[in-house]
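Below, each chain spelled out in residue letters.
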Amino acid sequence: MTSLVGYELKDSVATITLDDGKVNVLGPAMQTAINEALDRAEKDSAKAVVLAGNGRVFSGGFDLTVFQSGDAQAAHGMLAGGFELAVRAMTFPAPVIMAATGPAIAMGSFLLLSGDHRVGQPKSRCQAIEVAIGMTIPIAALEIMRFRLTPAAFQRGAALASTFAGEEAVNGGWLDEIVEADRVLARAQEVATEAVTTLNTGAHVGTKLKARESALTAIRAGIDGLATEFSLG
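Just so we're clear, the structure is a prediction, and the values are computed from it rather than from any experiment.

**Q** For the overall build of the protein chain, give the residues involved together with the corresponding values.
**A** Looking only at helices and strands, the protein chain features 11 helices and eight strands. By the compact-globule yardstick of 17 Å for 233 residues, the protein chain fits well, its C-alpha radius of gyration being 16 Å. Taking the principal axes of its C-alpha atoms as reference, the protein chain extends roughly 45 × 40 × 35 Å. Taking all 233 residues of the protein chain together, the buried fraction comes to 52%. On the protein chain, roughly 10,000 Å² of surface is accessible, and the fraction owed to carbon and sulfur atoms is 53%.

In structure tokens:
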């Protein structure tokens, strides 16, 4: 792993902390680092995973410099890698608890939505910002949003780039609970520990795969069609 993420295993809970010193952009290097940490969690037979942001944000989304470089293959690779990471979180062989220590924007918000339980704080702003910055939201991202958000929050979030925070984020489906800012990580770890002690891991995985089958099929189709959708062939 690289220094972009931290890893700690305690009482069968693996805590993976994103920290690039800035806004945790989900560029190729960060994606690789997170996947390596998840590989380690699987190797360590972790029974739950906490994925947390740094003291500033959960994640600000994709690295825009990759899109601005004009390298279509690099853009496609980053897009596909981000959505593959979301699918991995949705299908991970143990509960995945997201600790939204701060804002979750664009791909950061889609990754947040891919957790089994999401803990935030009052300033954990959740937003699919794409249409506000001149980007069309990929089908894969829309399917992640559709999977987790209420119909009204989905429409506002996708078409209007609406911002959700606090109770509105909970009511809309972006988060499951709100705690004080200094309690986000600790609370996420508490939820993870409870999952370790109360859930049968095999039953958890089998059930969530059944429950998410249609969403995963739609997301996978979106990933497979990215090159065509955005002329990145």
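**Q** Can you break down the layout of surface pockets residue by residue, with the values?
**A** Rolling a probe over the atoms, with the probe sized like a water molecule, indicates the empty space that remains. The volume enclosed by the largest pocket comes to roughly 340 Å³. Breaking the lining of the largest pocket down by element, the ones donating at least two residues are α2 (64-68), α3 (72-91) and α4 (107-113). Partitioning the lining of the largest pocket into residue classes produces 17 nonpolar, four polar and two charged.

**Q** Could you give me a rundown of helix α5 (residues 139-148), with the residues and numbers involved?
**A** Of the positions making up α5, those classed as buried are Ala140, Ala141, Glu143, Ile144, Met145 and Arg148. Taken together, the buried residues of α5 touch α3, α4, β6 (117-120), α6 (151-160), α7 (166-172) and α10 (213-224).

**Q** Mind laying out the sheet that holds strand β1 (residues 5-10), listing which residues take part and the relevant values?
**A** If you trace the six strands from one edge of the open sheet to the other, you get β1-β2-β3-β4-β6-β8, paired in mixed fashion. The open sheet has two free edges, formed respectively by β1 and β8 (177-178), since each of these has just one partner strand. Relative to strand β2 (residues 13-18), β1 is paired through six bridges, and the arrangement is antiparallel. Within the sheet, the bridge partner assigned to Val5 lies in β2 and is Leu18.

**Q** Outline the side chain of Arg118, listing residues and values.
**A** With respect to the helices and strands, Arg118 occurs in strand β6. Reaching out from Arg118, the side chain makes a polar contact with the backbone oxygen of Trp174 at a distance of 2.8 Å.

**Q** Summarise the packing of helix α1 (residues 28-43) against α3; cite the residues concerned and give the values.
**A** Between α1 and α3, the least distance of the axes is 10 Å, while the angle of their chain directions is 25°. Overall, the two elements α1 and α3 adopt an arrangement that is roughly parallel. Classified by chirality, the crossing of α3 by α1 is left-handed. Of α3, the residues touching α1 (which contributes Pro28, Gln31, Ile34, Asn35, Leu38, Asp39 and Glu42) are Gly77, Met78, Gly81, Gly82, Leu85 and Arg88.

**Q** Explain the pattern of salt bridges to me, and be specific about the residues and the numbers.
**A** In the structure shown here, the tally under the stated rule is 13 salt bridges. Among the ionic contacts, a cluster of salt bridges with common partners joins Glu177, Arg183, Arg187 and Glu190.

**Q** Quick one: what's the story with the packing of aromatic side chains, residue by residue and with numbers?
**A** For the coordinates displayed, the defined rule picks out four aromatic pairs. Ring centres 6.4 Å apart and planes at 35° place the aromatic pair Phe83 and Phe110 in the tilted group. Placement of the pair is Phe83 in helix α3 and Phe110 in helix α4, with a sequence separation of 27 residues. This pair shows no difference in class: Phe83 is buried, exactly as Phe110 is. When the ring of Phe164 is compared with that of Trp174, the centres are 5.8 Å apart and the planes differ by 40°; the resulting orientation is tilted. Separated by 10 residues along the polypeptide, Phe164 in the loop between α6 and α7 and Trp174 in the loop between α7 and β8 bring together distant segments of the chain. For the residue pair Phe164 and Trp174, the accessibility class agrees, reading buried in each case. An aromatic cluster of at least three residues, connected via ring pairs, comprises Phe62, Phe67, Phe83 and Phe110.

Rules behind the numbers
Residues numbered from 1 in each chain as written. Predicted model: local features only at pLDDT ≥ 70, side-chain atom pairs only at ≥ 80, totals over all residues. Heavy atoms only, no water. Helix = DSSP H or I, 4+ residues; strand = E, 2+ residues; numbered from the N terminus. Rg over C-alpha atoms; globule rule 2.2 N^0.38 Å. Buried < 20%, exposed > 50% of the residue type's maximum accessible area, 1.4 Å probe, protein only. Areas by Shrake-Rupley, 256 points an atom, 1.4 Å probe, with all protein chains shown as cover. 1 Å grid on protein atoms, 1.4 Å probe; cavity = no way out; pocket = protein on both sides within 12 Å on 5 of 7 lines; lining within 4 Å. Points joined across faces, edges and corners; volume = space filled by probe spheres on them. Nonpolar A, V, L, I, M, F, W, Y, C, P; charged D, E, K, R; others polar. Contact = heavy atoms within 4.5 Å. Pairing = 2+ DSSP bridges. Polar contact = N/O pair within 3.5 Å; in protein donor to acceptor, adjacent residues only side chain to side chain. Axes fitted to C-alpha atoms, helices over the stretch in contact; angles between N-to-C directions. Parallel < 35°, antiparallel > 145°, perpendicular 65-115°, else oblique. Left-handed = near helix turned anticlockwise from the far one by under 90°. Salt bridge = Lys/Arg side-chain N within 4 Å of Asp/Glu carboxyl O. Phe/Tyr/Trp six-rings, centres within 6.5 Å; stacked < 30°, edge-to-face > 60°.

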